[in-house]
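Structural features, examined
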Protein chains: 2
Amino acid sequence: MSEELDQLCVNTIRTLSIDAVEKANSGHPGMPLGMADAAYVLWTKFLRHNPNDPKWMDRDRFILSAGHGSMLLYSLLHLTGYDLSLDELKKFRQWGSKTPGHPEYGMTAGVETTTGPLGQGFANGIGMAIAEAFLAETFNKADHLVFDHYTYGIVSDGDLMEGISHEAASLAGHLKLGKIVYLYDDNNISIDGSTDITFTEDVLKRFEAYGWHTQEVDGHNRGEITDAISKARKMVDQPSIIKCRTHIGYGSPNKQGKSSSHGAPLGKEEVALTKEALNWDADKHFYIPVEVKEHFEEAVQRGREWQAEWNMSMENYHNVYKDEAKILDQFLAGDLPDGWLDNLPVFESNKSGMATRKASNAVLNAVADSIPNLVGGSADLAASDKTTLENKGFFSSFNYAGRNIHFGVREHAMTAALNGMALHGGLRPYGGTFFIFSDYGRPSIRLAALSKINPIFVYTHDSIGLGEDGPTHQPIEHLMALRAIPNVTLIRPADANETSYAWKYALEHKDGPTALVLTRQSLPVYERDEKNHARNVEKGAYVLVDSEKDTPDVILMGSGSEVQIALDTRDILAEKGLDARVVSMPSWEIFEKQDKSYKDSVLPPNVRARVSIEAGSPHGWEKWVGCEGTVIGINHFGASAPYKTIYREFGLTPEKMADAAQKCFEDINATRTS
Amino acid sequence: MSEELDQLCVNTIRTLSIDAVEKANSGHPGMPLGMADAAYVLWTKFLRHNPNDPKWMDRDRFILSAGHGSMLLYSLLHLTGYDLSLDELKKFRQWGSKTPGHPEYGMTAGVETTTGPLGQGFANGIGMAIAEAFLAETFNKADHLVFDHYTYGIVSDGDLMEGISHEAASLAGHLKLGKIVYLYDDNNISIDGSTDITFTEDVLKRFEAYGWHTQEVDGHNRGEITDAISKARKMVDQPSIIKCRTHIGYGSPNKQGKSSSHGAPLGKEEVALTKEALNWDADKHFYIPVEVKEHFEEAVQRGREWQAEWNMSMENYHNVYKDEAKILDQFLAGDLPDGWLDNLPVFESNKSGMATRKASNAVLNAVADSIPNLVGGSADLAASDKTTLENKGFFSSFNYAGRNIHFGVREHAMTAALNGMALHGGLRPYGGTFFIFSDYGRPSIRLAALSKINPIFVYTHDSIGLGEDGPTHQPIEHLMALRAIPNVTLIRPADANETSYAWKYALEHKDGPTALVLTRQSLPVYERDEKNHARNVEKGAYVLVDSEKDTPDVILMGSGSEVQIALDTRDILAEKGLDARVVSMPSWEIFEKQDKSYKDSVLPPNVRARVSIEAGSPHGWEKWVGCEGTVIGINHFGASAPYKTIYREFGLTPEKMADAAQKCFEDINATRTS
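Structural notes, computed from the coordinates. (Residues numbered from 1 in each chain as written. Chains lettered and ligands numbered in written order. Predicted model: local features only at pLDDT ≥ 70, side-chain atom pairs only at ≥ 80, totals over all residues. Heavy atoms only, no water.)

1. Some words on the state of the cysteines
Tallied over the entire structure, the rule returns one disulfide over all chains. Each disulfide pairs two cysteine sulfurs, and for C627(A) the partner residue is C627(B), the sulfurs being separated by 2.1 Å. Here C627(A), found in the loop between α22 (622–625) and β20 (630–632), pairs with C627(B), found in the loop between α22 (622–625) and β20 (630–632), and the two come from separate chains. Looking at the unpaired C9(A), the closest cysteine sulfur is the one in C244(A), lying at 19 Å. (Disulfide = S-S within 2.5 Å. Helix = DSSP H or I, 4+ residues; strand = E, 2+ residues; numbered from the N terminus.)

2. Focus on a negative patch on the surface
All names here are of chain A. On the surface, D568, D571, E575 and E655 cluster together into a negatively charged patch. Looking at which element gives the most residues to the negative patch, the answer is helix α19 (residues 563–575), with three residues. Taking relative accessible area as the criterion, D571 reaches 44% and is therefore assigned partly exposed. (Patch = residues over 30% accessible without salt bridge, like charges linked within 9 Å, V, L, I, M, F, W, Y side chains within 5 Å. Areas by Shrake-Rupley, 256 points an atom, 1.4 Å probe, with all protein chains shown as cover. Salt bridge = Lys/Arg side-chain N within 4 Å of Asp/Glu carboxyl O. Lys, Arg positive; Asp, Glu negative; His and termini not counted. Charge placed at Lys NZ, Arg CZ, Asp CG, Glu CD. Buried < 20%, exposed > 50% of the residue type's maximum accessible area, 1.4 Å probe, protein only.)

3. Quick notes on the relation of the copies chain A and chain B
Structural alignment of chain A on chain B gives an RMSD of 0.0 Å, achieved by rotating through 180° and translating 0.0 Å along the axis. Both copies are brought into coincidence by an operation consistent with a two-fold rotation axis. Closest approach to the rotation axis among the C-alpha atoms of chain A is made by G163(A), whose C-alpha sits 1.8 Å away. Interface overlap between copies: 100% of the residues of chain A at the interface are likewise at the interface in chain B, consistent with a symmetric, same-surface contact. (Least-squares fit on C-alpha atoms with pLDDT ≥ 70 in both. Contact = heavy atoms within 4.5 Å.)

4. Notes on the packing of aromatic side chains
Two descriptors summarise a pair of aromatic rings, namely the distance from one centre to the other and the angle between the planes of the rings. All names here are of chain B. Considering all chains together, one arrives at 56 aromatic pairs over all chains under this definition. Both rings, one in Y74 and one in F92, keep their centres 6.1 Å apart while their planes meet at 70°; by these two values the pair is edge-to-face. Here F92 lies in the loop between α4 (86–90) and α5 (120–139) and Y74 lies in helix α3 (residues 70–79), a separation of 18 residues in the sequence. With respect to burial, Y74 and F92 carry one shared label: buried. Taking the centre distance of 5.9 Å and the plane angle of 85° together, the rings of Y430 and W503 count as edge-to-face. Here the residue Y430 occupies a position in strand β11 (residues 428–434), and W503 occupies one in helix α18 (residues 496–508), the gap between them amounting to 73 residues. For Y430, a relative accessible area of 0% translates into the label buried. The class of W503 is buried, set by a relative accessible area of 0%. (Phe/Tyr/Trp six-rings, centres within 6.5 Å; stacked < 30°, edge-to-face > 60°.)

5. With respect to the nonpolar core
Membership of the largest hydrophobic core comes to 158 residues, with the highest contact counts inside it found for W212(A) and W212(B). Beyond its immediate sequence surroundings of up to four residues, W212(A) is in contact with F122(A), I126(A), A169(A), A172(A), G173(A), I180(A), Y182(A), F207(A), Q238(A), P239(A), S240(A) and I241(A). Grouped together as the second largest cluster of nonpolar side chains are 52 residues, V554(A), L556(A), I634(A) and C664(A) included. (Core = buried A, V, L, I, M, F, W, Y, C linked by side-chain atoms within 4.5 Å.)

6. Regarding the pairing of strand β14 (residues 514–517) of chain B
Residues and elements named next belong to chain B. Covered by surrounding structure in β14 are T514 and L516 together with A515 and V517, the residues of both alternating faces. Pairing of strand β12 (residues 456–460) with β14 involves four bridges; the strand directions are parallel. Looking across to β14, one finds that I456 is bridged to T514. Examined bridge by bridge, strand β13 (residues 489–491) and β14 share three bridges and lie parallel to one another. Residue L490 lies in a different strand from β14, and its bridge partner there is A515. (Pairing = 2+ DSSP bridges.)

7. Considering the interface of chain A and chain B
With 99 residues of chain A at the interface, the matching set in chain B holds 99 residues. Buried surface at the junction of chain A and chain B, both sides included, amounts to about 7,900 Å², of which 59% is carbon and sulfur. Across the contact surface, chain A and chain B share eight salt bridges. For R446(B), the salt bridge is made with E477(A), and the minimal N-O distance between the two is 2.7 Å. At the junction of chain A with chain B, the criterion picks out 53 residue pairs in polar contact (both at pLDDT 80 or more). The element that contributes the greatest number of residues to the side of chain A that touches chain B is helix α7 (residues 163–175) of chain A, accounting for seven residues. For the side of chain A that touches chain B, a count of residues per class yields 41 nonpolar, 34 polar and 24 charged. (Buried area = accessible area lost by both parts, 1.4 Å probe. Polar contact = N/O pair within 3.5 Å; in protein donor to acceptor, adjacent residues only side chain to side chain. Nonpolar A, V, L, I, M, F, W, Y, C, P; charged D, E, K, R; others polar.)

8. Some words on the pattern of salt bridges
For the structure shown, the criterion picks out 76 salt bridges over all chains. K623(A) serves as the salt-bridge partner of E592(A), at 2.7 Å between the closest nitrogen and oxygen. Here K623(A) lies in helix α22 and E592(A) lies in helix α20 (residues 588–592), a separation of 31 residues in the sequence. When its relative accessible area of 29% is taken as the criterion, K623(A) is described as partly exposed. A salt bridge links R648(B) to E649(B), with the shortest nitrogen-to-oxygen separation between them at 3.9 Å. Among the ionic contacts, a cluster of salt bridges with common partners joins E3(A), R14(A), D37(A) and R222(A).

9. Considering unusual backbone geometry
Only a minority of non-glycine residues have a phi that is not negative, and only a minority of peptide bonds are not trans. Residues and elements named next belong to chain B. Of note in this structure, N188 is not a glycine but carries a positive phi near 65°. When you line up the elements, N188 lands in the loop between β3 (180–186) and β4 (189–190). Of note in the backbone geometry, K386 takes a positive phi value of approximately 60° without being a glycine. Relative to the assigned elements, K386 resides in the loop between α14 (382–385) and β10 (404–406).

10. Here's the deal with helix α13 (residues 356–367) of chain B
Spanning 12 residues, α13(B) covers 16 Å between terminal C-alpha atoms, matching the ideal 16 Å at 1.5 Å per step. What α13(B) keeps buried is the set T356(B), R357(B), A359(B), S360(B), N361(B), V363(B), L364(B) and V367(B). (Expected span 1.5 Å × (residues − 1).)

11. Things to note about the packing of α13(B) against α18(B)
All names here are of chain B. Remark: α13 packs on α18, axes separated minimally by 9 Å, with the N-to-C direction vectors making an angle of 50°. The pairing of α13 with α18 is recorded here as oblique in orientation. When you trace α13 past α18, the crossing you get is right-handed. The segment α13 lies against α18, with T356, A359, S360, V363, L364 and V367 engaging A496, T499, S500, W503 and L507. Looking at side-chain class alone, the contact of α13 with α18 contains seven nonpolar, four polar and no charged residues. (Axes fitted to C-alpha atoms, helices over the stretch in contact; angles between N-to-C directions. Parallel < 35°, antiparallel > 145°, perpendicular 65-115°, else oblique. Left-handed = near helix turned anticlockwise from the far one by under 90°.)

12. Here we look at the sheet that holds strand β3 (residues 180–186) of chain A
Residue and element names in this part refer to chain A. Spatial strand order, β1-β2-β3-β7-β6: five strands in an open sheet with parallel pairing. This sheet does not close on itself; its edge strands, each paired only once, are β1 (61–64) and β6 (213–218). Mean inter-strand twist for the sheet, computed between neighbouring axes without regard to direction, equals 20°. Pairing between β3 and strand β7 (residues 240–245): six bridges, direction parallel. What sits directly across from L183, in β7, is I242.

13. Some remarks on the environment of Q307(A)
Residues and elements named next belong to chain A. Mapped onto the secondary structure, Q307 falls in helix α11 (residues 290–320). C-alpha separation for the pair Q307 and M57, spaced 250 residues apart in sequence, amounts to 9.1 Å. Sequence-distant contacts of Q307, that is, excluding residues within four places in its chain, are made with N50, D53 and W56. Side-chain polar atoms of Q307 contact the side chain of D53, separated by 2.8 Å.

14. A word on helix α11 (residues 290–320) of chain B
Residues and elements named next belong to chain B. Between its first and last C-alpha atoms α11 spans 46 Å; for 31 residues at 1.5 Å apiece the expected length is 45 Å, and the two agree. Listed in full, the buried residues belonging to α11 are V292, H295, F296, A299, V300, G303, Q307, W310, M314 and Y317. Where α11 is buried, its residues meet α1 (3–24), α2 (30–46), α3, α5 and α12 (322–333).

In structure tokens, the structure reads:
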């Protein structure tokens, strides 16, 4: 292959990218111009993929962590034969196109993860590499490498400034994930100007400290890049980062090396000048020379061959390793195996009860054998979050088949790595931390929801009920803050049996993350019959204990640990001659999806006396209690004390709830009779 | 001073700490036992403070970033003579005590910042050191060092695993903040076990890469610790970290060096065994030997002398440098200078208008001269957030008096550093990023609110109105998620003049953070008179354009950019014969604080036909529109396209709002007449 053709190919990437940005009158030309050389080398000489089957399991993963350079990726996807037409490139950043401003998983074939918020792709890649290592260790045989692929990425100064890159890199180095190869676009420019103004750390030394293999190359010297990637691939027990010294906006006579090339179109004139500088016909737009097209499209044939070879190998594997193959198929299908539900625990009713975090652990361990691709861990709180799968080993460089992962005190990287594991496929990942620290992982929770992937977040110590650790550790706003994110399903079970079905829902849910919100403190395990069966969790809300009369005087509702208060309130009201229904509402999102008749059967519109209770921000409960109802919540921070004291002092008691219910009932009655 | 007395003092810290944890039956004994030696050396040989005046301006700051070791700090505060009685230590973690589970700023004299969520204290310290450097550079003279103090801290493995520590350390190294001296408690233990299981990076090499000075000592060798701190203090242009190799749970025969000593009481028996091992009378609880008491209390006298000396120096400064002293007094008073309001810009009404981010920049620059301690920056988005103070210089190691700070792509560290600057005192800090990235700084936003400090967060690009960057960058849930945090005031102004008063509110607000939520896109500047004056922002909501009739048929309400849609809706409704009032509601929190009569004057209870519009999660608006009203919002993710297209496609248009208003009005009327 000639140097000349290479150059033509690289410049095709460049000109496609700037043409698209120019047409959109919006976007980021600087990065595609600067990283075209390195990306070209990676995509044509190393990346093992099949454009005709973007979901081929053993493909190399490519992550554009610097997602603002999306046109680089879209150009490559189009050129190498993915289902992304030139018309789509022309509709860059337009309504209904497959080429949104930042790459979106599920929107565009070949986009492995949604990026843009910096650092996320970097950390997703760690999760993908964890998944690859786990699957390889679990299934590979000396004569059959079922899983053997790399996770490549392009990362930017911005990615490396973000804290999440530290957490993820430290973890990857510790785990010796040798199949990570990241190209660092060291262009010396960030939005505010030269990186000298704020980013002068010795990046490679920092990565050495994490245990990474590091190299430095001229990012416009394709030979150097080729050699460096070759070498990086050989580092089997070290993740690799290759610092590519590049010029942002390469080729643009007036904007190369300047932040002005970063986030705005070059302008018509500058595009023309850039094309001239690149020996390109300035009058041609979205132009792909025929020899370039032919050269890139070799990827289609190569991909077909690679996958055919792999398919053949898989066929042999199925013949030789029948037992393993059966499990493998189950992993890859993404469905839960038949019969797994038989193991879902049923807890005996019990007044002293158990914490829902403990019930969660019981569920995890009950289903662990039947769902062998359930893999997870905690951010250094395994014993508190109760996330450990017993006797399933710990994932480490000594044992990549361990199903428990020590993520360390790295909530953000954990969340993003869980996303990466889910994106990779083959695994059913979960991870735990204290609910308060969901804030640390919040940007990644949002991306899971946007990407419609289904990691399971296990959030324990979910309220003032954690007691003495005090307000720094007591969630108040967190229930509302998570409910506000579109496509997150939050479930806060009221007892052990609700916890079983919360897990069932989470495990079966496919197109979004589930947050299980669990108590530190013990809760009663309620008596159940067919009518108030815990499977009603799958309807989001249900009647846990009904009124004596057909039409209750009052409806009491709540979630999690406060359901018990509602039940005690019911007793107090009964003494006062008021007949209450108690509704357990573990999940707003699920309840909202039910049909109107079910919703009305739980919350009959004609019962206007309603009181809700939840140990968190009251925002939004108005929707369920209605105009005449009363919301009991907490609109201030917590306190450090034994939890029963805090509940009492904050007025979250059956007595207060009964007072509220009585007043609510009487006010409505007074209005009626007045 | 004898080695023996030193040992007795250190063991007093240890026994006080374990006695308090034991009595509370809750807490973290391991860290106080392990770090007592180092903390003792720091507090008695180096820390320049005045227990009688914990707010003395030129005191050294001490941060316990590993806040779970709170008993270490409480023991030191009690012993060195702060207003924290032994009784308070006995009430550790109890309701109403000054000794909550984790240290809380404002709760306990001598606690410089609220810690517990890991990494936060580490980053607060960077902000404090920025403040010190700025003030020193601004006011110090060769013969008068008004500001000359250190920021000390104790940081843990957990702190250093968190991403925020990376961001903050990289920034501090870049800024050459030499007056930071952190002791790293390298105890090899995290909650889940040995740090070997997840944290094997070379920490000191990593900090060298950031440009820090690094040392390593035996954390139980007080001589080594003394020498290392002495040396660290001399490194004027490098922040310092001293790795102290310690044994967690030092002295406990069965728990030393084990994670079991970390987060639970040792148990009665083990406490006795530990005391024996420390040559302590096991029968004595909360025991302070008289010579220990005397020795520690020397801090009171020393502190008095230090401060007296400083006061004297300040007096001289006032005599010699009268002009500077006047400004200095203004900085320290914490109040805004007289007359600053005269500079608050008033914008002419204008249909094509301006983006509120631009108006924000105009306000900043209009008041910059009159508020010389207004200091801030952006997380690498200064040009987009419009946060730059013109001609006020950039804060750097070449110019610590620069008022603009390049925080880099480090939203989390920026937010925590702003908190640190506010905690330090003397400055009025603000910082900007895109609203979507408030998620990255969320744990620090919460701590600002909990700590009742008043940094100002400037969040631009506040909705789908940012357009082509797409759903990864378009906030949806963020308004609700911030409104749910107690004590955060969120203001989303509807035009340039509302932006002026939003800034006024933020600058005058003392006991909590303010989030200013601003548009990328231009908005009209509305016509104003006395009745609808933009100063009404300070009431949270007000009538922007009233109905023709005394009692409107419909109330239309919204915030920010959607107020314009409400106004256009009013015109459409007028054509249909419906008379609408338009309420601009920039801040729920402020409106909630108004008295009932004002609230009822804006939203008269008898007008039940109400429609709200906001380009974000609809949660919670029910409260304002009532049962029969309609909420127009967005309960799904955004899209990548020109913003007007997105508004149209998502149904946020005057036509749709008019339809909703008409239906709402008719439904209510139908009920009335039926």
